[in-house]
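# Descriptive structure summary
Each chain, letter by letter, is given below.
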Amino acid sequence: ALSTKTAWPCAPIDGTFARSMANAGSESNVVAAASLSASPGARASPVLLGRPQKSVCDQNPFKLVKESSGQLSAKSVGEGADDSEPQASPLARANTLVSRAGSTLSRAGSNLKLQRASTLPTDDNELRHAATMPMMFDVESDRVCCCGLWKTQQMFGFFLGIASAILFICWRPLHVYPAANDMLGVTSLVACFWVFEVIPVYMTALFPLVMMPMLGVTSSEIVAKSYWNWLSLLVVGTYLLDIALEEVHLPRRLALNLLMRVGVVHPAALLACFMGISWFLAMFCNSIVVTLLITPFAIGLVNAAEDQVRDQIASDSMEEGEMSGEHKKVTKGIQRFADGLLLGIAFGATSGGIATLTGAIGNYFLAAETLVADYISWSRWFLFAFPISVSCLLLAYAVLHMRYVRNLTFSGLERKVLEEEHANLQSEVGPLSRDEVLVGLLQVVQVVLFMLKSSVFDNIKSPYGENLLNDATLACAPALALFFIPSVVRPGQALLTWPAVHKKFDFGLLLLIGGSLAISSGFSESGLNLAVGDLVAHAIPRVHPFLLDLLIMLSVALSAQLFSSIGVAAAVLPILDAAAISAVVNPLSLMLPATVATSFAFLLPTATPANVIVLAKSQDLIRPLRFRDFIGSGLPLTVAVVFVGALLSHVMGRLVFDSDAPFPAWACTASGASCLFVDIPGVVQGRDVQAQACIVDLGASDGTLCQLWNGTMVSTLQFVRGR
């Protein structure tokens, strides 16, 4: 291989340039910079904001030679060193060993799921997929297994999933429900493959369709229905409007106009604005789209702030190559604030998704649960979850303000910076158009339709008393209008075109949701939900209701940090559904805190799609986000939101859903033959009732007995004959 020789202009003699190269993630540059800075007689150059000036030195005493092995060495021309000599200085060799060790540790950290920004793609289309499976897009880690296909952890996940499936299928620990053992094996295999990303998570979602019929859990027809149903069409309708918003750049314009109204933006106000905008948009759009739109805009403003300080430094009378302590402090403050701003966007988007039934994927699964589907509506969920979402946003802001904004010397963005950004927006997109207004109005129409469902559309029924309209119809109606309204920006085309949908719609998400719903249906078909629910039900009467909410939230939130929140919701909600029936308690008292807790994933860079996106986009900063940035902010935030969320969930559940009431009649009707609502007066959970639920024992008594809340067994024959 031929050697590549590169002259390095204006190498500084201090460690500023080496630190800046280290922050940029270039190992070979670190070695070169360290070698240059250690040599005597090197001429200093001004370094602004940790970056070398792109000017040409009057003399260049050093040349960087890239050898065939890919390592850099420094040579002094003044000492008469020959360019063709491959000999490196002892300091360069030592730094090379250090850089190799650092590279090995970095790859090891990547293999342990300690995701780094440099391992993720920056292209928006690739990042849409990397947001849900970041390990599959980790290109810097060692893939030593299966001919370079898998990392070590992926190979571990493969063998763990296969071994756990074989164990449950062959050992068969559940004797009352034999098919539950097979379903437990399928679930354990899919969970391992999802967690360790052995193959793309979208393809892992097809395992239930393949394995459940083969093991006799249920038929292919029943499983296939889980992959395309009204919930899938609800996702389609909401995502189409999200894509239209992204196409017209409306969120970016709204954010910029809000900042320009403020004028000179202090860091605390800037953080509040971006978190508030992300939070608000994520209530009605999916968090991936919101984060992809807002993050580049925020990074552009931070870079503009750096330019603002650079101009200030250039105007000051300083000695060449030196920077005052105050300017260094301001520079570091901007870098620190950039970290907090990106984390604020991710945390704000995650918090906003809690507020609406269509804001987070975990909320969709609650709406799909048969036991509560007829009682949960968009408007009721909004009344319940909105205070929790606001509290989560305020707590996130408080944590980030304490960590990144307090004692910050950076004064804020001047109005001219915002005016330049506005000029860039005008040149790229143009002035506010009719397209943006109409897309925004259609988004409002969709939200209004959701809010009117329980009060207006639920009254539209068939002759048999069934509801004719649900959220899927209300979501797709305004989405269809996007293809009928002509665009003024793109004459001859509609507001939304199919190529844009094909490019930006994540069709794999439908498979992922379908696989999760297939597992949920397999729980019911095999009796696994009853087997596990019986175990959970024994502990419910012995725990105070608030403490129970806290325990559910804590366990689900911890699981969501490590595993996919989609997988956690798909596995936990059917179990709590069955546990509520077995314990004869209101199912919403268990399922509401669990659903909210699936969104409390702030701790790890890979915990939520929003975290993954800001981690990847931070490569455009002088110093990308690090693993410790997420841990340092996410840990106190997670602890705080679990306690506050449990309290608010307990209070709002009672106010909105009456979740502390005894097992309701509507849930008994939804559970089918497993529940009878009988006219037996008594005291149930501290309330005097004239009728109560009686759960039919389909096991030992073969359906001839049913159990009341207090454990009394009653014959079902008298109630069946009465009917």
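Heads up: these notes are all about the structure in this document. From a predicted model like this one, the values you see are computed outputs, not experimental measurements.

Before going further, it helps to spend a moment on a nonpolar patch on the surface. Judged by side-chain polarity, Val444, Val448, Leu452 and Val456 come together as a nonpolar surface patch covering roughly 290 Å² of accessible area. Along the chain, the position of Val448 falls in helix 18 (residues 434-452). For Val448, a relative accessible area of 38% translates into the label partly exposed.

Our next topic: the state of the cysteines. Counted according to the given criterion, the structure contains two disulfides. Each disulfide of the protein joins two cysteines, and with those cysteines numbered along the sequence the arrangement is 1-2, 3-4.

So, on to the packing of aromatic side chains. This structure, assessed with the given rule, holds 18 aromatic pairs. Here the aromatic rings of Phe382 and Phe386 are separated by 5.1 Å at their centres, their planes lie at 40°, and the arrangement is tilted. A residue pair is termed a helical-turn pair when its members lie 3 or 4 positions apart in one helix, as Phe382 and Phe386 do in helix 16 (residues 378-405) at four residues. A relative accessible area of 31% places Phe386 in the partly exposed class.

In this section: the sheet that holds strand 6 (residues 675-678). Spatially, four strands are ordered 6-9-10-11 in an open sheet, and the strand pairing comes out antiparallel. Of all the strands in the sheet, just strand 6 and strand 11 (713-715) have a single pairing partner and so form its edges. On average, each strand axis in the sheet is inclined to that of its neighbour by 40°, with strand direction left out of account. Across four bridges, strand 6 lies against strand 9 (residues 692-696) in antiparallel orientation. When the bridges of strand 9 are listed, Phe677 appears paired with Ala693.

Side chains bearing opposite charge may pair, as long as their charged atoms lie close to each other. In the structure shown here, the tally under the stated rule is nine salt bridges. Arg626 is the salt-bridge partner of Asp339, the closest N and O atoms lying 3.9 Å from each other. Taken together, the positions of Asp339 in helix 14 (residues 325-354) and Arg626 in the loop between helix 26 (609-617) and helix 27 (627-657) put the pair 287 residues apart, joining distant regions of the chain. On the basis of relative accessibility, which here comes to 1%, the residue Asp339 falls in the buried class.

Glancing now at the side chain of Thr497. Secondary-structure assignment places Thr497 in the loop between helix 19 (471-481) and helix 20 (498-504). Residue classification places Thr497 among the buried residues on the basis of a relative accessible area of 18%.

A few words on the environment of Ala165. Position of Ala165 relative to the elements: it lies in helix 5 (residues 152-171). Relative accessible area serves as the criterion here: at 5%, Ala165 is assigned to the buried category. Put simply, Ala165 and Val186 are 21 residues apart on the chain and 6.1 Å apart in space, counted from C-alpha to C-alpha. In this view, Ala165 contacts Gly185, Ser188 and Leu189; residues no more than four positions away in its chain are not counted.

Okay, the packing of helix 15 (residues 361-368) against helix 24 (residues 565-583) next. Viewed as axis vectors pointing N to C, helix 15 and helix 24 meet at an angle of 25°, and their least axial separation amounts to 8 Å. Judged by the inter-axis angle, helix 15 sits roughly parallel to helix 24. Here the hand of the crossing between helix 15 and helix 24 comes out right-handed. For the pair formed by helix 15 and helix 24, the contact residues are Ile361, Gly362, Phe365 and Leu366 on the first element and Ile566, Ala569, Ala570 and Leu573 on the second.

In this section: the pairing of strand 9. Counted residue by residue, strand 9 has five buried out of five residues, so it is predominantly covered. Bridge count between strand 9 and strand 10 (residues 705-707): two bridges; the pairing is antiparallel. Within strand 10, the position partnered with Ile695 by the bridge is Gln707.

Contact pair helix 23 (residues 545-562) / helix 27: the axes reach a minimum separation of 9 Å and the direction vectors enclose 140°. As summarised for this structure, helix 23 and helix 27 are arranged oblique, according to the angle between their axes. Here the hand of the crossing between helix 23 and helix 27 comes out right-handed. In this structure, helix 23 uses Pro545, Phe546, Asp549, Leu550, Met553, Leu554, Ala557 and Gln561 to contact helix 27, whose residues at the interface are Thr638, Val642, Phe643, Gly645, Ala646, Leu647, Ser649 and His650. For the contact of helix 23 with helix 27, the residue count by class is 10 nonpolar, five polar and one charged.

Next up on the list: helix 8 (residues 207-214). Residues of helix 8 that are buried include every one of Pro208, Met211 and Met212, and no others. Along the axis of helix 8, the buried positions cluster into a sector of 100°, meaning they face one direction only. Taken from the residues just after helix 8, Gly216 is the one with a positive phi, measuring 80°.

Ranked by internal contacts, the top residues of the largest apolar core, which has 175 residues, are Leu259, Phe274, Phe365, Phe384, Leu590 and Phe600. Residues Cys694, Val696, Leu708 and Phe719 belong to the second largest nonpolar core, which totals eight residues.

Calculation criteria
- Residues numbered from 1 in each chain as written.
- Predicted model: local features only at pLDDT ≥ 70, side-chain atom pairs only at ≥ 80, totals over all residues.
- Heavy atoms only, no water.
- Patch = residues over 30% accessible without salt bridge, like charges linked within 9 Å, V, L, I, M, F, W, Y side chains within 5 Å.
- Areas by Shrake-Rupley, 256 points an atom, 1.4 Å probe, with all protein chains shown as cover.
- Salt bridge = Lys/Arg side-chain N within 4 Å of Asp/Glu carboxyl O.
- Helix = DSSP H or I, 4+ residues; strand = E, 2+ residues; numbered from the N terminus.
- Buried < 20%, exposed > 50% of the residue type's maximum accessible area, 1.4 Å probe, protein only.
- Disulfide = S-S within 2.5 Å.
- Phe/Tyr/Trp six-rings, centres within 6.5 Å; stacked < 30°, edge-to-face > 60°.
- Pairing = 2+ DSSP bridges.
- Axes fitted to C-alpha atoms, helices over the stretch in contact; angles between N-to-C directions.
- Contact = heavy atoms within 4.5 Å.
- Parallel < 35°, antiparallel > 145°, perpendicular 65-115°, else oblique.
- Left-handed = near helix turned anticlockwise from the far one by under 90°.
- Nonpolar A, V, L, I, M, F, W, Y, C, P; charged D, E, K, R; others polar.
- Arc of directions from axis to C-beta.
- Core = buried A, V, L, I, M, F, W, Y, C linked by side-chain atoms within 4.5 Å.

None of the figures reported here should be taken as evidence of function without further support.
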